[in-house]
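Observations on chain architecture
If you want the building blocks of each chain, they are given just below.
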Amino acid sequence: MSKRIFVLNGPNLNLLGQREPAIYGTTTLAEIEMRCETKARGLGYAIDFRQTNFEGELVESVHQARQEACGIIINPAGYSFTSVALLDSLKMFDGPKIELHISNIHTREAIYHNSLVSRTATAVIAGLGAAGYELAIEAMAGLVERG
Ligand code: CA2
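The sections below set out a description of the structure shown in this document. All values derive from a computational prediction rather than experimental measurement.

Another aspect to go through is helix α2 (residues 29–42). Side chains that are three or four residues apart share a direction in an α-helix, a result of its 3.6 residues per turn. Taking 1.5 Å per residue as the helical rise, α2 with its 14 residues ought to reach 20 Å, and the 20 Å between its terminal C-alpha atoms agrees with that figure. Buried within α2 we find L29, I32, C36 and A40. Along the axis of α2, the buried positions cluster into a sector of 65 degrees, meaning they face one direction only. Residues of α2 that are exposed and angled more than 90 degrees away from the buried face: M34, T38, R41 and G42. Looking at the buried positions of α2, the neighbouring elements they touch are β1 (4–9), β2 (46–51) and α5 (131–146). Backbone geometry just downstream of α2 places G44 in the positive-phi region, at approximately 85 degrees.

Shown next, in the form of structure tokens:
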């Protein structure tokens, strides 16, 4: 079994730490990647950490995960609420999938309440800030090993 977890990040998350710190905190995506690497390594996993502003690229990463990953952690950002294509691709991935949001989408404006991705997610983490990523890695290891 592959011991590689894909950590996928959608549009605008490359700007994390630079804007709206009250909602998204001050940690950059590069810092989050380093923390995920460390956490995963400690648990015996490798990660493939990616960010893209393009919907099709996110879909292609999910396709690639079908061959290479034991699990997917995904912060689809704005595509959570709009992308049937992303939902469809995730449905084709048989392993565990954790949807992650830095903010608590349910306490925000109504446009952020209905995530399409949640319909296929094994679990959802929202509102724990950047720390949610490390928790997701830990949870993913549990899902892969214990189901
Ligand atoms: O809380 C999250 O992680 C979100 O997925 C972030 C998305 C938003 O559409 C979701 O509702 C919740 C937006 C990402 C915007 O990225 C920014 C990056 C830096 C500064 C401000 C926004």
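What follows picks up the thread again.
To continue, consider the environment of I32. Locating I32 in the fold gives a position in helix α2. On the accessibility criterion, I32 (1% relative accessible area) is buried. For the pair formed by I32 and I125, sequence separation is 93 residues and the distance between their alpha carbons is 15 Å. Once residues lying within four places of it in the same chain are set aside, the contact partners of I32 are L16, T27, F49, A130 and Y133.

Turning our eyes to something else, we now look at the nonpolar core. I5, V7, I32, I47, F49, I73 and Y133 are the most contacted members of the largest nonpolar core, which has 25 residues in total. Elements represented by at least two residues in this core include exactly β1, α2, β2, β4 (97–101) and α5. In this view, Y133 contacts V7, N9, L13, L29, I32, C36, F49, N75, L100 and I102; residues no more than four positions away in its chain are not counted. The next biggest cluster of nonpolar side chains, apart from the first, holds 13 residues, and it includes A65, I72, L86 and L90.

Time to look at the packing of helix α3 (residues 55–68) against helix α4 (residues 84–91). With their axes 9 Å apart at the nearest point, α3 and α4 run at an angle of 5 degrees to one another. Between α3 and α4, the angle falls in the class roughly parallel. Between α3 and α4, the residues in contact are E55, L58, V59, V62 and H63 and A85, L86, S89 and L90, respectively.

As a further point, take the pattern of salt bridges. Counting across every chain of the model gives three salt bridges. K3 is the partner of E145 in a salt bridge, and the nearest nitrogen-oxygen pair spans 4.0 Å. Of this pair, E145 sits in helix α5 while K3 sits in the segment before β1; the two residues are 142 residues apart in sequence, bridging distant segments of the chain.

In this section: the pairing of β4. Among the five residues in β4, five count as buried, and that is most of the element. Note: strand β3 (residues 71–75) against β4, three bridges, orientation parallel. Looking across to β4, one finds that I74 is bridged to E99. Between β3 and its parallel partner β4, the chain crosses via α4, and the hand of that crossover is right-handed.

Bringing unusual backbone geometry into the picture now. Its identity is not glycine, yet N12 carries a phi of approximately 80 degrees, on the positive side. By secondary structure assignment, the location of N12 is in the loop between β1 and α1 (21–24). Assessed through its relative accessible area of 56%, N12 is described here as exposed. Despite not being glycine, E20 shows a phi value in the positive range, around 45 degrees. Relative to the helices and strands, E20 resides in the loop between β1 and α1. On the accessibility criterion, E20 (44% relative accessible area) is partly exposed.

Thresholds applied
- Residues numbered from 1 in each chain as written.
- Predicted model: local features only at pLDDT ≥ 70, side-chain atom pairs only at ≥ 80, totals over all residues.
- Heavy atoms only, no water.
- Helix = DSSP H or I, 4+ residues; strand = E, 2+ residues; numbered from the N terminus.
- Expected span 1.5 Å × (residues − 1).
- Buried < 20%, exposed > 50% of the residue type's maximum accessible area, 1.4 Å probe, protein only.
- Arc of directions from axis to C-beta.
- Contact = heavy atoms within 4.5 Å.
- Core = buried A, V, L, I, M, F, W, Y, C linked by side-chain atoms within 4.5 Å.
- Axes fitted to C-alpha atoms, helices over the stretch in contact; angles between N-to-C directions.
- Parallel < 35°, antiparallel > 145°, perpendicular 65-115°, else oblique.
- Salt bridge = Lys/Arg side-chain N within 4 Å of Asp/Glu carboxyl O.
- Pairing = 2+ DSSP bridges.
- Right-handed = clockwise from strand over helix to strand, strands pointing away.

All quantities given are derived from atomic positions and should not be read as evidence of function.
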